[in-house]
Amino acid sequence: MSSGEPTLSREDRDAVPTLVLAGDFDLAVAEDLRTALRALGAAGSSTPQVDLSGVTFLDSSGLGVLLDFQRETAAGNGVVVVLAPSAPCRRLLEITGVDSLFDIRD
């Protein structure tokens, strides 16, 4: 597997459902990401976590999927917790101005 090949894995961290992403996330895997996030949301937590520490690239389609998930979570009075975003992810969140929509934790 190349370092940019995307992987998605589900964990429970301190009883909170967490989706761990690694690699490159672009249009080619946006629907896989959407499916994984919907499954994460179905777990019923008001603070689902997405670990972005291993993401090497995130394009606008991947960001759009994350924003859709945040909107769905917020509709249920929740917030998506973004764990340890990698430098490329943090930069994208900041330059697009959407970092304030998430609970970002290092």
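Here's the deal with the overall build of the protein
Now for step 1: When helices and strands are counted, the protein shows three helices and five strands.
Now for step 2: Along its sequence from the N terminus, the protein presents helices and strands in the succession β-β-α-β-α-β-α-β.
Now for step 3: When its C-alpha atoms are laid out on the principal axes, the protein stretches across 35 × 30 × 25 Å.
Now for step 4: Burial analysis of the protein (106 residues in total) assigns 42% to the buried set.

Points about the pairing of strand 2 (residues 16-25)
Two faces make up the sheet, and in a regular strand the side chains alternate between them.
Now for step 1: Burial of strand 2 is extensive: eight of the ten residues sit out of reach of the surface.
Now for step 2: Where strand 1 (residues 7-13) and strand 2 come together, seven bridges link them in antiparallel fashion. Counterpart to Asp12 in the pairing with strand 2 is Pro17.
Now for step 3: Hairpin connection between strand 1 and strand 2: a loop of two residues separates the two successive antiparallel strands, and Asp14 in this loop has a positive phi of roughly 50°.
Now for step 4: Where strand 2 and strand 3 (residues 49-58) come together, seven bridges link them in parallel fashion. Looking across to strand 3, one finds that Gly23 is bridged to Val55.

Topic: the packing of helix 1 (residues 30-41) against helix 2 (residues 60-75)
Now for step 1: At a minimum axis separation of 9 Å, helix 1 and helix 2 run at an interaxial angle of 20°. Classified by the angle their axes make, helix 1 and helix 2 are roughly parallel. In the packing of helix 1 onto helix 2, the handedness of the crossing is right-handed. For the pair helix 1 and helix 2, contact is made by Ala30, Leu33, Arg34, Leu37, Arg38, Leu40 and Gly41 and by Ser61, Gly62, Val65, Leu66, Asp68, Phe69 and Glu72, respectively.
Now for step 2: Taken together, the residues of the contact of helix 1 with helix 2 sort by class into seven nonpolar, three polar and four charged.

With respect to the sheet that holds strand 2
Now for step 1: Pairing is mixed across the open sheet formed by five strands, whose spatial order is 1-2-3-4-5. The sheet is open, and its two edges are formed by strand 1 and strand 5 (103-105), each paired on a single side. Within the sheet, the average angular offset between the axes of one strand and its neighbour, ignoring direction, is 25°.

Rules used in this analysis
- Position labels on residues start from 1 in each chain and follow its written sequence.
- Only residues with pLDDT of at least 70 are given local features in this predicted model, and only at 80 or more are side-chain atom pairs given and counted; all residues enter the totals for whole chains, interfaces and linings.
- Only hydrogens and water are set aside; all other atoms, that is, all heavy atoms of the structure, feed into the side-chain values.
- Under the scheme used here, helices are H or I runs from DSSP no shorter than 4 residues and strands are E runs no shorter than 2 residues, and both carry numbers assigned from the N terminus.
- Here the term buried applies to any residue with accessible area under 20% of the maximum for its type, exposed to any over 50%, and partly exposed to those in between, with areas from a 1.4 Å probe on protein chains only.
- When DSSP locates at least two bridges between a pair of strands, those strands are taken to pair.
- Angles here are taken between N-to-C directions and fall from 0 to 180 degrees, while the axes themselves are lines fitted to C-alpha atoms, restricted in helices to the stretch in contact.
- For classification purposes, angles smaller than 35 degrees are called roughly parallel, those larger than 145 roughly antiparallel, those between 65 and 115 roughly perpendicular, and all remaining angles oblique.
- Each helix crossing is assigned a hand: it is left-handed if the near helix lies turned anticlockwise from the far helix by less than a right angle, otherwise right-handed if that turn is clockwise.
- A contact between two residues is defined here by any heavy atoms of the two lying within 4.5 Å.
- Throughout this entry, Asp, Glu, Lys and Arg are counted as charged residues, while Ala, Val, Leu, Ile, Met, Phe, Trp, Tyr, Cys and Pro are counted as nonpolar. The remaining residues, Gly among them, count as polar.

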